[in-house]
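# Understanding the architecture of this molecule
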Amino acid sequence: MIEKILPSGAAVAEAFSDPPDAVLLPEEEALTRGFVEKRRKEFTTTRHCARQALGALGVGPVPILKGERGSPVWPAGTVGSLTHCTGYRAAAVARGAEVLSIGIDAEEHAPLPGDVHESIALAAERWRGRVLDLEHPAIHWDRLLFCAKEAVYKAWFPLTRRWLGFEEADIELRLDGSFTAELLVGDLRTADGPPGSTVPGRLDGRWLCEQGLLLTAVTIADPAYGGSRTL
């Protein structure tokens, strides 16, 4: 499903259960010590998906280890993102010469619990959410907002290696399956890009609601770090 909201150059793999043939490489196995069974299955299947997606790019099986803040470490020359929720796991990868960063997220299509929405949504986002609820009440817009913010963070962090709080991205969701994120941070500099390079202050994304799931994707594709688009 998630390929519907990603650029044509991205390779994806997804699973709706944990396949018995999904296994970890030894380097990955060491990272799972202390995991409960549920977390181990999620970790294993997302790595299985990652290797399938990388294989579509012609990259052989390699361990997908964890870097800063637990972010996946991709083979040289590639970028990617992982996600999992109940009943779904996915990986999206692309060649680094074509895409600078990808962020994907998946959530169950259900309301956010308790007061989570109040804690993650800006005042403007809450107001827009109320309008969307009136226009299309079949979508749980509160959960979709959370899903979009997660995808934005996953696209942001590999380029900057800095935290991005929920309050630092103002997201406008649209009925047509698109969204934009205005980054409310003063420092947009990249960690390893050319001198003076920055992450775009506005990121474009897409969303999908299918099979009881909400999916979001953000792709930063400008080679000069000067803009973003989801193709």
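What you are looking at is a predicted structure, and each value in this text was computed from that prediction instead of being measured.

With that out of the way, let us pick up the pattern of salt bridges. The tally for this structure, following the rule as stated, stands at 16 salt bridges. One salt bridge in this structure joins aspartate 18 and arginine 89, with 2.8 Å as the shortest N-O distance. With aspartate 18 in the loop between strand S1 (11-15) and helix H1 (26-29) and arginine 89 in strand S5 (residues 88-95), the pair connects residues that are 71 residues apart, well separated along the chain. For aspartate 18, a relative accessible area of 30% translates into the label partly exposed. Between glutamate 42 and lysine 38 there is a salt bridge, with the nearest N and O atoms lying 2.7 Å from each other. Of this pair, glutamate 42 and lysine 38 both sit in helix H2 (residues 37-56), four residues apart, which is roughly one turn of that helix. Here glutamate 42 falls in the buried class, since its relative accessible area comes to 7%. Residues joined in a network through salt bridges with shared partners are Glu68, Arg161 and Asp192.

Another point: the pairing of S5. Counting buried positions along S5 yields seven of eight residues, so the element is predominantly enclosed. Across five bridges, S1 lies against S5 in antiparallel orientation. In the strand pairing of S5, glutamate 14 is matched with alanine 90. Where strand S4 (residues 78-85) meets S5, eight bridges bridge the pair, whose relative direction is antiparallel. By the bridge assignment for S5, serine 81 is matched with alanine 92. Counted between consecutive antiparallel strands, the loop separating S4 from S5 contains two residues, among which glycine 87 sits at a positive phi close to 80°.

Turning our attention to the nonpolar core. In summary, soluble globular proteins display a tendency toward joint burial of nonpolar side chains. Residues Val152, Trp156, Leu173 and Leu183 are the most contacted members of the largest nonpolar core, which totals 33 residues. Among the elements of the structure, helix H5 (141-160), strand S7 (169-173), strand S8 (178-183), strand S9 (202-210) and strand S10 (213-220) are those that each provide at least two residues to this core. Per-element tally for this core: the top contributor is H5, with twelve residues. Sequence-distant contacts of leucine 173, defined by excluding residues within four places in its chain, comprise Leu132, Trp141, Leu144, Leu145, Ala148, Ser178 and Phe179. Ranked by size, the runner-up nonpolar core spans 19 residues in total, among them Ile5, Ala92, Val99 and Leu215.

Thresholds applied
- Residues numbered from 1 in each chain as written.
- Predicted model: local features only at pLDDT ≥ 70, side-chain atom pairs only at ≥ 80, totals over all residues.
- Heavy atoms only, no water.
- Salt bridge = Lys/Arg side-chain N within 4 Å of Asp/Glu carboxyl O.
- Helix = DSSP H or I, 4+ residues; strand = E, 2+ residues; numbered from the N terminus.
- Buried < 20%, exposed > 50% of the residue type's maximum accessible area, 1.4 Å probe, protein only.
- Pairing = 2+ DSSP bridges.
- Core = buried A, V, L, I, M, F, W, Y, C linked by side-chain atoms within 4.5 Å.
- Contact = heavy atoms within 4.5 Å.

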